[in-house]
Amino acid sequence: MGGGLVLAVMRDAGNSTLYRCCLRYLVRDGWADGWHSVEQPEAWTFGHAVLQSETIGVEAKLFAASTLKGKITYDIHQLPRDSLFSLRDSLISLLVHYRTGARPIRTQLCVCLAGLALQMLEWRNVIDLVVQTLGTDAQSLVVLLEFLTVLPEEVTEGRKVSLSEEELSHRTQELLTDNATRVLQILVQYAQVTGIDKPTPALVACLNSWLREIPCKDVVSTPLIDTLFAAFHSDGAFDEAVDCVCTMFRETREVDECMDVIEALYPRLIALRPKISEAADTEDLDMFKGFTRLFAEAGESWVVLIARMPAHFRELVHAIEECAKKDEGRDVISLTFNFWYDLKNYLVLEIYMDARMHYADVFARLVDIMINHLEYPKGDKSDLFDGDREYEEKFREFRHAMGDVLKDCCEVIGSADCLTKAFVRIQTWMEDYTKQTPENRAKFLGWQKLEAPLFSLRAMGRMVPADEDIILPQIMRLLVQLPEHEKVRFAATLVLGRYTEWTSKHPDYLQPQMNYIISGFQHGSKDVAQAAAMALKFFCQDCGKLLVDNITQLHEFYENVSPNLPLGSLYEITDGVAHVVASQPLAKTYDALMLFCSPIATRLMEKANTATDNDKKCKLADEIQLLTIFVQVVHPHVPEGQDNPMIRFWQGIVPVLSTILDGFVDFLPICEQVGRFYRSLLISYRTAMLPLLPEVANKLSTSFEKSHQGIFLWVSGTVIREFGDEEFTSQATRDSVYQFLQAQCLSMFRLLNNTHPKEIPDVIEDFFRFLADGIMFHPAKIIMSNLLQPIIEASLASLDLQQTEPLLSVLQFLRDLLAYGREAPPNSTYRKTPMEVRNAVKAAASTMGERITQRILSGLMYSFPSDCVTDSSGVMLELVELCPHQMIQWIKSTLELLPAGSVSPAEAQKFLNSVETAASNKDWNKIRYTLRDFTAWYRRKNVTPRSQITGIAGTENPRFRFGG
């Protein structure tokens, strides 16, 4: 059934049942998505016919109104300009007709009329005509308010329509700025008609929509302000009033310019404070959330005044504090977090020291409020959250956010006072605990009140100076004596791990804390063991120099516990002991590495010999990471000319991993782990890796040729970078590295001969990242070589991809390549790009530019993700700069390939004229946004989620072929 026949059926649809049958067919066929498109110009007639019918059901009419909206947004060019007046009059008549009808249809019609008003530049008296036509009865005024509400929204989203920046700016001035006073008069008249103390949602929503245009000082000087705040005493327009007043607060952020408005709003806001208690007492969550949002938004907007005039605005701060305190369900307290952060940022400045002292008591109470909210729920012992995993995850995230507020408090009143509050709570709990009977102590009742201040100590750790000598010593002595409970042990262990920098300056506390942490590995709880692993890592990182003499005991401990730890914890303690190895004197580094890494290498070979299934292979890959951790951590400075003990040690380990790689080159996890090991060697030891470079480079080359895994290209890019600097690398080495680059390119070209880029997007990404490194360090060699042509061909073939990261790698490489056609190079390789390099790039651009233009325009109009727009336009800009006259022709010829009717000749010409004018003026920014706006508009108009078209017909790239 074609579109015309379906249309005829729907015209005759006399009831909603038949309509639904037709609609199901349209959706199934994918036709409804394109109903408003250029291929169905009869939809103009259809929409009006259905909306004017007295027999067709509401669902069909709503669909028709939506269709009409789409036609006005995207296909207004289908109508002669002189017919737009008839369309306007018809829409206004329909609004009059539906003023008492279904609101969704009325809303769609308002959007239609607003969209037409935006594009119909000839229509000057938009608001006056609508007011005059609709009339002044109560129901008509509601329709008028709906239209006025959507008008600013449609205008501010004007990029949907085909208007130039200048046209859109001028029309915005005409429709919004010039009408602001008139709209305010209409709103005041409506409020007086309906009653100043009887606000309606439509009135408040309309005012909110226009607040960007109507100055707040004008609003507060009218009775509308009374109407607005009256909404907080009834349910009818409460939510709309919250939105509107919050908008007014945001509009008064420039406080020096808006003091009159703020002084008018502030007493009205403070008068609402009793509503906080009322909402909390009645457990009205929506009301409580609304008032919390209201006061928090005011606080954020006026925060500089709160710091300047603390006495005057103290009541507002108290109101926000009250919202935080009374939120027993922790549902809305997060709305206050930004305010506390913003206020803290002012109070820590010297100029606001008086305000800081003024609000010290507020922040002191805020510490107690936050610690109270940190408490775990008092649920079942086996499941505190009664099976609600979503609530549990939300609670965990929420605790960390509250930890940030505690950090703010530390900055305002000092970490000592904040620590003291937590310490006193722990002390008090311990005193109560010791008074209990043995039976009650065994039940560990109320442990939540002990765990919460422990968590707060951890959260505040970053704010506590390492030389704190008053509270922390008492806390540290107490922590290692806490009674055993899983949650308490977990929290206390993490606290110790958080204060390791302090412990490094107070070594007397090191041994009791280490004993406490190490005993956690035998606790029996996986959570406690994981916390112990994390804490041990931080201890070794910060206290490594204090542990250098305990390297043998650490090794024994490591060998004993590592077989039983989950992988993440194993990595953490490995990182920890690696830091102790790195802290050894240089003369002992080799022996320390040998002590820890040789057993790991031996176990790897043993596991490699028995790894016959995927599970064992994955475990083998996981253990390779242990060696990588040592490489990443153990790289102390070695004086120039002195033997590097790390390189000497790793020379014995690299062959082990190379052998493992040869045996499992077809297993991706092992390839990735060995690749990361190689890359870590290159990054950690840089040019000191020269003795190992031939073996590593050869292994990367042969492994990529065998496996076609992108990991080897990723690591190859590191080789290019680390051995590409002329200052630190000899010419002979750089020449060898370039030969290595050529070999990897040839392997990739042979792979592309038999594999489409869509089958290997990750490899494509790694290849072009690799080429980006190559073009940075060896630009002339690549550009002047016979590699250039197949590289560009590979990039064109890869522009068929639709994944973001691979596409970005291709586009960014093309930008870098084409940039060498300019006198100023894209990096510091040259002061000026050599003329022969520039000429080679210009020749390539002239030869391949049309195909590049076609592929990029096709992608922008149909398939590229939005994140690729910037780099796509960057490539186009480089082409415009290199080949300005040809580029205009290339764009024109590409537009001629678009489906008939998808772009009108006038629209295409306007786009071309804009680009050409900007190019002649070298206005690169204008080219960028013109290209962005045109392609985005085309895509919205012509491409639907069900569209089968993924590019412009005729721009398809031929299959990549390489004969080398």
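None of the values given here were measured: they were computed from a predicted structure.

1. Quick notes on the overall build of the protein chain
Part 1: Within the protein chain, the regular secondary structure consists of 49 helices and 0 strands.
Part 2: When its C-alpha atoms are laid out on the principal axes, the protein chain stretches across 90 × 85 × 60 Å.
Part 3: Considering the protein chain as a whole, with its 964 residues, one finds that 56% of them fall into the buried category.
Part 4: Look at the contacts in the protein chain between residues 6 or more apart in sequence, and 75% of them connect residues 24 or more apart.
Part 5: Entry remark: accessible area of the protein chain is about 41,500 Å², with carbon and sulfur atoms responsible for 50%.
Part 6: For the protein chain, the centre of its 96 positive side-chain charges and the centre of its 125 negative side-chain charges are spaced 2 Å apart.

2. As for the packing of aromatic side chains
Part 1: Scanning the model with the defined rule gives 34 aromatic pairs in all.
Part 2: Ring geometry for Phe 767 against Phe 768: centres 5.2 Å apart, planes inclined by 75°, an arrangement best described as edge-to-face. Both residues of the pair, Phe 767 and Phe 768, count as buried.
Part 3: These aromatic residues form a ring-pair network of at least three members: Phe 749, Phe 767, Phe 768, Phe 770, Phe 813, Phe 960 and Phe 962.

3. Some words on the side chain of Thr 628
Part 1: Within the element layout of this structure, Thr 628 appears in helix H35 (residues 614–633).
Part 2: A relative accessible area of 1% places Thr 628 in the buried class.
Part 3: Not counting residues up to four positions away in its chain, the partners in contact with Thr 628 are Gln 673, Arg 676, Phe 677 and Ser 680.

4. Focus: the nonpolar core
Part 1: By size, the foremost hydrophobic cluster in this structure holds 341 residues, and its most contacted members are Trp 302, Phe 630 and Trp 650.
Part 2: The biggest single contributor to this core is helix H45 (residues 835–863), with 12 residues.
Part 3: Apart from residues no more than four positions distant in its own chain, Trp 302 is found in contact with Phe 249, Thr 252, Val 255, Ile 262, Leu 265, Tyr 266, Leu 269, Phe 313 and Leu 316.

5. Some details on a nonpolar patch on the surface
Part 1: On the surface, a cluster of nonpolar side chains totalling about 270 Å² of accessible area is made up of Val 348, Leu 349 and Ile 351.
Part 2: Within the fold, Ile 351 resides in the loop between helix H20 (337–347) and helix H21 (353–358).

6. Re the packing of H35 against helix H36 (residues 645–663)
Part 1: At a closest axis distance of 13 Å, the pairing of H35 and H36 adopts a crossing angle of 155°. Comparing their axes, H36 and H35 come out roughly antiparallel. The crossing of H35 and H36 is left-handed. Judged by residue contacts, Leu 620, Ile 624, Leu 627, Phe 630 and Val 631 of H35 engage Trp 650, Ile 653, Leu 657 and Ile 660 from H36.
Part 2: A class-by-class count of the residues in the contact of H35 with H36 yields 9 nonpolar, no polar and no charged.

7. Regarding the confidence of the model for the protein chain
Part 1: Averaged over all residues, the pLDDT of the protein chain is 89; the fraction at 70 or higher stands at 94%.
Part 2: Below a pLDDT of 50 lies the segment residues 1–39, which in the model reaches 65 contacts outside its immediate sequence neighbourhood of four places, other chains included.

8. Quick notes on unusual backbone geometry
Part 1: The phi dihedral of Glu 283 is positive, around 55°, even though this residue is not glycine.
Part 2: With respect to the helices, strands and loops of the structure, Glu 283 is situated in the loop between helix H16 (274–281) and helix H17 (285–301).
Part 3: Even without a glycine there, the phi angle at Arg 330 is positive, about 55°.
Part 4: Assignment of secondary structure puts Arg 330 in the loop between helix H19 (310–326) and H20.

9. Observations regarding the state of the cysteines
Part 1: Following the criterion strictly, the structure yields 0 disulfides and no others.
Part 2: As a non-bridged cysteine, Cys 206 has Cys 244 as the owner of its nearest cysteine sulfur, 9.7 Å distant.
Part 3: Given a relative accessible area of 0%, Cys 206 falls into the buried group.
Part 4: A disulfide-free cysteine, Cys 323 has its sulfur positioned 12 Å from the sulfur of Cys 246, the nearest such atom.

10. Overview of helix H43 (residues 788–798)
Part 1: Most of H43 sits out of view: 10 of its 11 residues are buried.
Part 2: Tucked into the core, H43 has its buried residues touching helix H40 (731–754), helix H41 (761–777), helix H42 (779–783), helix H44 (804–819) and H45.

11. As for the side chain of Arg 855
Part 1: Within the secondary structure, Arg 855 sits in helix H45.
Part 2: Look at Arg 855 and you get buried, because its relative accessible area is 7%.
Part 3: At 2.4 Å, the side chain of Arg 855 forms a polar contact with the side chain of Asp 800.
Part 4: Once residues within four sequence positions are removed from consideration, Arg 855 is found in contact with Leu 796, Leu 799, Asp 800, Phe 864, Thr 955 and Asn 957.

12. Concerning the environment of Asp 542
Part 1: Structurally, Asp 542 is set in helix H31 (residues 526–543).
Part 2: Along the backbone, Asp 542 and Gly 576 are 34 residues apart, and their C-alpha atoms lie at a distance of 9.3 Å.
Part 3: Each residue touching Asp 542, except ones within four places of it in the same chain, is listed here: Thr 500, Glu 501 and Ser 504.
Part 4: A polar side-chain atom of Asp 542 sits 2.5 Å from a polar atom in the side chain of Thr 500.

13. Here's the deal with the packing of helix H4 (residues 58–74) against helix H6 (residues 103–119)
Part 1: Contact geometry of H4 with H6 gives a least axis separation of 9 Å together with a crossing angle of 15°. As judged from the angle between their axes, H4 and H6 are roughly parallel. The interaxial crossing formed by H4 with H6 has left-handed handedness. Taking contact as the criterion, the partners of Val 58, Lys 61, Leu 62, Ala 65, Ser 66, Leu 68, Lys 69, Ile 72 and Thr 73 in H4 are, on H6, Pro 104, Ile 105, Gln 108, Val 111, Cys 112, Gly 115, Leu 116 and Gln 119.
Part 2: When the residues that make up the contact of H4 with H6 are grouped by side-chain class, the tally is 10 nonpolar, 5 polar and 2 charged.

14. Points about the pattern of salt bridges
Part 1: Tallied over the entire structure, the rule returns 48 salt bridges.
Part 2: Across the pair Lys 326 and Glu 322 runs a salt bridge, and its minimum N-O distance is 3.1 Å. Of this pair, Lys 326 and Glu 322 both sit in helix H19, 4 residues apart, which is roughly one turn of the helix.
Part 3: Classification of Lys 326 as partly exposed rests on a relative accessible area of 32%.
Part 4: Taking the shortest distance from any N to any O, the salt bridge between Glu 623 and Lys 607 comes out at 2.1 Å. With Glu 623 in helix H35 and Lys 607 in helix H34 (residues 586–610), this residue pair connects regions lying 16 residues apart in the sequence.
Part 5: Because the salt bridges share partners, they merge into one network encompassing Arg 273, Glu 315, Glu 322 and Lys 326.

15. Considerations on the environment of Lys 910
Part 1: You can see Lys 910 is positioned in helix H48 (residues 905–920).
Part 2: C-alpha of Lys 910 to C-alpha of Leu 163: the two residues are 747 residues apart in sequence and 9.9 Å apart in space.
Part 3: The contact partners of Lys 910, leaving out residues within four places of it in the chain, are Ser 162, Leu 163, Ser 164 and Glu 167.

16. A short note on the environment of Glu 916
Part 1: Looking at where Glu 916 falls in the secondary structure, it is placed in helix H48.
Part 2: Assessed through its relative accessible area of 43%, Glu 916 is described here as partly exposed.
Part 3: For the pair Glu 916 and Val 880, spaced 36 residues apart in sequence, the C-alpha to C-alpha distance is 9.4 Å.

Quick notes on the rules
- Residues numbered from 1 in each chain as written.
- Predicted model: local features only at pLDDT ≥ 70, side-chain atom pairs only at ≥ 80, totals over all residues.
- Heavy atoms only, no water.
- Helix = DSSP H or I, 4+ residues; strand = E, 2+ residues; numbered from the N terminus.
- Buried < 20%, exposed > 50% of the residue type's maximum accessible area, 1.4 Å probe, protein only.
- Contact = heavy atoms within 4.5 Å.
- Areas by Shrake-Rupley, 256 points an atom, 1.4 Å probe, with all protein chains shown as cover.
- Lys, Arg positive; Asp, Glu negative; His and termini not counted.
- Charge placed at Lys NZ, Arg CZ, Asp CG, Glu CD.
- Phe/Tyr/Trp six-rings, centres within 6.5 Å; stacked < 30°, edge-to-face > 60°.
- Core = buried A, V, L, I, M, F, W, Y, C linked by side-chain atoms within 4.5 Å.
- Patch = residues over 30% accessible without salt bridge, like charges linked within 9 Å, V, L, I, M, F, W, Y side chains within 5 Å.
- Salt bridge = Lys/Arg side-chain N within 4 Å of Asp/Glu carboxyl O.
- Axes fitted to C-alpha atoms, helices over the stretch in contact; angles between N-to-C directions.
- Parallel < 35°, antiparallel > 145°, perpendicular 65-115°, else oblique.
- Left-handed = near helix turned anticlockwise from the far one by under 90°.
- Nonpolar A, V, L, I, M, F, W, Y, C, P; charged D, E, K, R; others polar.
- pLDDT = per-residue confidence, 0-100.
- Disulfide = S-S within 2.5 Å.
- Polar contact = N/O pair within 3.5 Å; in protein donor to acceptor, adjacent residues only side chain to side chain.

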